[in-house]
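Geometric and topological summary
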Amino acid sequence: MSRIHLNAFAMMCAGHQSPGLWRHPSDAGFRYTDLDHWTGLARLLDDAGFDALFLADVLGVYDVAGGSRDAAVRAGIQIPLGDPMMPVSAMAAATAHLGFGVTVSTSYEHPYALARRFTTLDHLTKGRVGWNVVTGYLASAAANLGLGDQLPHDQRYEQADEYLEVCRRLWHESWEDDAVVRSGGTYTDPAKVHDIAFHGRWYDVPGPFLCEPSPQRSPVIFQAGASPRGLEFAGRHAEAVFVSGPSTAVVAGQVDRLRAAVSDAGRDPASVTVFSQLAPVVASTSGEADALYAEYLESFSLEGALALFAGWTGLDLTGIDPDAPLRYVESDAGRSALASFTTDDPSREWTVGEVARHLAVGGRGPVAVGSGPEVAEQMIDWIDGTGADGFNLAYAVTPGTFAQVATHVVPELRRAGRMPADPVPGTLRERLALR
Ligand SMILES: Cc1cc2nc3c(=O)[nH]c(=O)nc-3n(C[C@H](O)[C@H](O)[C@H](O)COP(=O)(O)O)c2cc1C
């Protein structure tokens, strides 16, 4: 009976994974520019025993659907959007144990600068930071950063491999543990600060690193791409992985392929913590939860869902017959999102309309609707049926969804022996110290 880890999944915007639900009267996502919104959410999660708050990010606008950004802008699909690193140190100051996973793409920023930002955050959070390493999927990001087109899909991962090697050397090979001596006239012993002398295809970093070692030395490496090349990357680098799919069959396949990739890279497949995406809709009774779910669906924006899906997959479903079956098409956007509704489970054929409606609450993962005991049971069944280690909980409304989980679900998971009664102390890496 394994422990179930809990992450909360959010983004520095009003509309993350539930298109249009900012219209629901209980949603406070529009307060994302207010620091109190973030420190309040962090406290709620910390008190409830969540392991981490995971912040997604993109650097582009969703302009694939209909060849225009208007639908995404109108429906508030991940725009307007702030920088997810900014609220983290304030949230850390407001909490004792909660970890923070921050998404940053390897496609748009030099590793020398990013490695320093993560080390700084690791110091300021006392070792509670993780990095969700993504390669991006929106061509608009590359265009606005002056790069023209994105690199082709698999090449982005090649660049990411090199990117992580630069970071690893900066974090682990430049400064010795006892380099800072602060004695006599010496602050730092120059003999204990080393050049990394990195010369690669994309990056040249002679060294040394600018930062002294932080509590974890490097952020916990999270990863979330499940295409074949994405899995190879995860196998090599990931300590924790986010997966997402609409059924246990799809997610169990993703988890199996991921653990095989970790094993192929010569690592222990059980050493990687897998978080499966799920959107809980929970209330005091199952009747109330059903009513809440019906209310959420009334706020759903179909136009927004199509904009989101097109950005993720490169596939524009605007104007396609809703009863037409969805088919896999290779693109240079993300690949596993489309695969999770097509090739990952050939026994289940999705229509275009079904997929769009599936995205209404919490994106690509399942929705668990019910009372606390009912949702806890669905979550336990999902973990036992997929081989994942925990959940990345997407919200319908924020912070309401997380408050409902704290009140109704966490006590049930504790009663079932799947969550510890008290917070596990230590750095994020120690807290995730896996099974
Ligand atoms: C739960 C989850 C969260 C993700 N969050 C982000 C994100 O914040 N930013 C991003 O650019 N990609 C994000 N992705 C996308 C992946 O990291 C990856 O870039 C995408 O799936 C394309 O890679 P693939 O073709 O290997 O699947 C996320 C994926 C999943 C499953």
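Keep in mind that what you see is a predicted model, and the values were worked out from it rather than measured.

This paragraph deals with the overall build of the protein chain. In terms of regular secondary structure, the protein chain is built from 15 helices and 13 strands. Viewed in the frame of its principal axes, the protein chain has a C-alpha envelope of about 70 × 50 × 40 Å. The 435 residues of the protein chain split such that 56% are buried. Summing over all exposed atoms, the protein chain offers an accessible surface of approximately 16900 Å²; the carbon and sulfur share of this is 53%. Between the averaged position of the 33 positive side-chain charges in the protein chain and that of its 53 negative side-chain charges there is a distance of 3 Å.

Another aspect to go through is the site of the ligand. In the vicinity of the ligand lie 23 residues, with D57, H153, Y157, S227 and S336 positioned nearest. For the ligand, a nitrogen atom lies 2.6 Å from a polar atom in the backbone of D57. One nitrogen or oxygen atom from the side chain of H153 is found 2.6 Å from an oxygen atom belonging to the ligand. Calculation on the ligand without its partners gives an accessible area of 610 Å², and the protein chains cover 93% of this total. Elements with a contribution of two residues or more to the shell around the ligand: β4 (129-134) and α6 (153-173). In terms of residue class, the shell around the ligand is built from 8 nonpolar, 12 polar and 3 charged.

What follows concerns the UniProt feature "domain: Luciferase-like" (unreviewed entry) in the protein chain. UniProt annotation of "domain: Luciferase-like" (unreviewed entry) refers to residues 25-387 when read in the numbering used here. Span residues 25-387 is 40% helix and 15% strand, its end C-alpha atoms 36 Å apart.

What follows is about the state of the cysteines. All chains considered together, the criterion is met by 0 disulfides. Sulfur of C167: no disulfide; nearest cysteine sulfur belongs to C211 and is 11 Å away. Accessibility expressed as a relative area gives 0% for C167, which makes it buried.

Between two packed helices, both the angle of their axes relative to each other and the distance between the axes serve to describe the pair. Where helix α13 (residues 372-386) contacts helix α14 (residues 400-415), the two axes come as close as 8 Å, and the packing angle between them is 60°. It follows that α13 is oblique to α14 by the angle criterion. Our pair here, α13 against α14, has a crossing hand that is right-handed. Here G372, P373, V375, A376, M379 and I380 of α13 lie close against α14, whose contacting residues are H408, V409, E412 and L413. In terms of residue class, the contact of α13 with α14 is built from 7 nonpolar, 2 polar and 1 charged.

In this section: the side chain of Q223. In this structure, Q223 sits in strand β9 (residues 220-223). A polar side-chain atom of Q223 sits 3.1 Å from the main-chain carbonyl oxygen of G225. The contact partners of Q223, leaving out residues within four places of it in the chain, are N132, V133, Y157, G230, F233, A234, A238, A240, V241 and F242.

In strand β10 (residues 240-243), alternate side chains face the same way, and those of A240 and F242 on one face and V241 and V243 on the other are all buried. As paired strands, β9 and β10 are joined by 2 bridges and run parallel to one another. Each residue of the ladder has a partner; that of F222, found in β10, is A240. The β-α-β motif built from β9, the intervening helix α7 (residues 228-237) and the parallel element β10 has right-handed crossover chirality. Note: β10 against strand β11 (residues 273-283), 4 bridges, orientation parallel.

This part takes up the packing of α6 against α7. Here α6 crosses α7 at 10°, and the two axes come no closer than 9 Å. When the interaxial angle is binned, α6 and α7 end up roughly parallel. Residue-level contacts link D154, Y157, E158, A160, D161 and L164 of α6 to R229, G230, F233, R236 and H237 of α7. Of the residues in the contact of α6 with α7, the class split is 4 nonpolar, 2 polar and 5 charged.

The next subject is the pattern of salt bridges. Tallied over the full model, the rule gives 24 salt bridges. Residue R236 pairs with E232 through a salt bridge whose shortest N-O separation is 2.8 Å. Taken together, the residues span about one helical turn, with R236 and E232 both in helix α7 at a distance of 4 residues. With a relative accessible area of 41%, R236 lands in the partly exposed category. Using a relative accessible area of 38% as the deciding quantity, one classes E232 as partly exposed. Among the ionic pairs, D332 bridges to R335, the shortest N-O distance being 3.8 Å. One salt-bridge network, in which partners are shared between bridges, spans D154, E330, D332 and R335.

The next thing to look at is the packing of aromatic side chains. Overall, the coordinates contain 15 aromatic pairs when judged by the stated rule. Considering the side-chain rings of F222 and F242, the 5.2 Å spacing of their centres and the 20° angle between planes classify their relative orientation as stacked. Of the two residues, F222 is situated in strand β9 and F242 in strand β10; the sequence distance between them amounts to 20 residues. Residue F222 shares its accessibility class with F242, and that shared class is buried. One aromatic cluster is present, built from ring pairs that chain together F9, F54, F222, F242 and F275. One cation-aromatic arrangement involves R23 over W22; the distance from NZ or CZ to the ring centre is 6.0 Å.

Criteria and cut-off values
Residues numbered from 1 in each chain as written. Predicted model: local features only at pLDDT ≥ 70, side-chain atom pairs only at ≥ 80, totals over all residues. Heavy atoms only, no water. Helix = DSSP H or I, 4+ residues; strand = E, 2+ residues; numbered from the N terminus. Buried < 20%, exposed > 50% of the residue type's maximum accessible area, 1.4 Å probe, protein only. Areas by Shrake-Rupley, 256 points an atom, 1.4 Å probe, with all protein chains shown as cover. Lys, Arg positive; Asp, Glu negative; His and termini not counted. Charge placed at Lys NZ, Arg CZ, Asp CG, Glu CD. Near = heavy atom within 4 Å. Polar contact = N/O pair within 3.5 Å; in protein donor to acceptor, adjacent residues only side chain to side chain. Nonpolar A, V, L, I, M, F, W, Y, C, P; charged D, E, K, R; others polar. UniProt positions renumbered as here; feature names shortened; annotations may be inferred. Disulfide = S-S within 2.5 Å. Axes fitted to C-alpha atoms, helices over the stretch in contact; angles between N-to-C directions. Parallel < 35°, antiparallel > 145°, perpendicular 65-115°, else oblique. Left-handed = near helix turned anticlockwise from the far one by under 90°. Contact = heavy atoms within 4.5 Å. Pairing = 2+ DSSP bridges. Right-handed = clockwise from strand over helix to strand, strands pointing away. Salt bridge = Lys/Arg side-chain N within 4 Å of Asp/Glu carboxyl O. Phe/Tyr/Trp six-rings, centres within 6.5 Å; stacked < 30°, edge-to-face > 60°. Lys NZ or Arg CZ within 6 Å of the ring centre and 35° of its normal.

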